[in-house]
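Examining the three-dimensional arrangement
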Amino acid sequence: YSNFIDALRVYVRGGTGGMGYPNLGGEGGRGGDVWFVARERTTLKSIKEKYPQKRFVAGTGANSSVKALKGEKGKDCEVHVPLGISVLDDDGKQIGELNAAGERFLAARGGLGGSLATNFLPCKGQRRTVHLDLKLIADVGLVGFPNAGKSSLLSKISHAKPEIANYAFTTIQPELGKIMYADYKQISVADLPGLIEGAHANKGMGHKFLKHVERTKQLLLVVDISGFQLSIKTQFRTAFETILLLTKELELYKEELVTKPALLAINKMDLPCAKENLDELMTQLENPQDFLHLVEEEIIPANILEFREVIPVSTYTGEGIEELKTCIRKSIDEQAEQVNEEYRKKKLLLLQTSK
């Protein structure tokens, strides 16, 4: 995964409280807290470089004294983390998440200061090891096997400049691009490392890839019209089989992924025989059930993905690129309208029930 870090294990400890003052009933200050604060343009890699020990400890509360019977609270420790972070405890259970800039999560609470209740002795702060798990947040996630042309497509539709080469695993870390429209609307698109068969079982980049798909609003499957073969040792797959396989991998990892709105980009339409292959594929997609008996049973998903649009494109000639951008915009706008409508209905229902 080269320099890209999408998981980090850190130690956090709240500050110890201050001593109480038994003679005058003074209370020590509470220990400081450790907070994770979501901030743009922050990466897990920068946290690791800045804090190689990966330890975050808050300040100790001030002792109670004759001058100040109530001790001051210890200094809080704020750790800036990227957007799209899930916070997990050591057992792998999610205890919080940070999705928008400025959101805060209390990672470790400071200990109470010494008081009558604690015999004027201070309490230690909360301490634990937590895992910061990054899941990219994007409007659209590009899903496809290696060499399907995802990086080329991203460079054509957005301002991203991913590295592109003529071999299977060019993309080894997520790339994020933004499609800019004439009315200044921006849609973020994530090119994610290529899936391979067995990714759901963590083969290849397996889970590292699939967890990023979870945080995208929609899927854009990118398929090579001439089919796909990872190497001479693996089986050749037609474009139709490729779509089935991609769906199966998503489904086996997490069923909800297949319920996301999806578009399909059929790439490399500049190749010879592309038109004939496309006609055949469109027939198969219209009635997929009629063709399932021709493929192996293990690659058939429980639910066939239904695509909002199927767009033939060529990143080489530029064919279909503008149409694809329009379709992405339309699909995202429709989804936003649907979410707003559901929200309005919920609000209305709440108002009616409260009356």
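This text follows the structure it describes.
Read on for an overview of the structure. (Residues numbered from 1 in each chain as written. Predicted model: local features only at pLDDT ≥ 70, side-chain atom pairs only at ≥ 80, totals over all residues. Heavy atoms only, no water.)

1. Structural notes on the packing of aromatic side chains
This model, assessed by the stated rule, comprises four aromatic pairs. Geometrically, the ring pair formed by Tyr-51 and Phe-56 is edge-to-face, given 4.9 Å between the ring centres and 70° between the ring planes. Of the residues examined, Tyr-51 reaches a relative accessible area of 33% and is grouped as partly exposed. A relative accessible area of 4% means that Phe-56 is categorised as buried. Arranged with centres 6.5 Å apart and planes meeting at 70°, the rings of Phe-240 and Phe-291 form a pair that is edge-to-face. (Phe/Tyr/Trp six-rings, centres within 6.5 Å; stacked < 30°, edge-to-face > 60°. Buried < 20%, exposed > 50% of the residue type's maximum accessible area, 1.4 Å probe, protein only.)

2. Digging into the packing of helix 4 (residues 239-253) against helix 5 (residues 274-286)
Running from amino to carboxyl end, helix 4 crosses helix 5 at an angle of 45°, the nearest separation of the two axes being 9 Å. Between helix 4 and helix 5, the crossing angle belongs to the class labelled oblique. Touching Ala-239, Phe-240 and Ile-243 of helix 4 are Leu-281, Gln-284 and Leu-285, all from helix 5. Of the residues that constitute the contact of helix 4 with helix 5, the class distribution is five nonpolar, one polar and no charged. (Axes fitted to C-alpha atoms, helices over the stretch in contact; angles between N-to-C directions. Helix = DSSP H or I, 4+ residues; strand = E, 2+ residues; numbered from the N terminus. Parallel < 35°, antiparallel > 145°, perpendicular 65-115°, else oblique. Contact = heavy atoms within 4.5 Å. Nonpolar A, V, L, I, M, F, W, Y, C, P; charged D, E, K, R; others polar.)

3. A word on a nonpolar patch on the surface
Taken together, Leu-24, Val-66 and Leu-69 make up a surface patch of nonpolar side chains, about 270 Å² in accessible area. If you trace the backbone, Val-66 turns up in the loop between strand 3 (55-57) and strand 4 (77-81). (Patch = residues over 30% accessible without salt bridge, like charges linked within 9 Å, V, L, I, M, F, W, Y side chains within 5 Å. Areas by Shrake-Rupley, 256 points an atom, 1.4 Å probe, with all protein chains shown as cover. Salt bridge = Lys/Arg side-chain N within 4 Å of Asp/Glu carboxyl O.)

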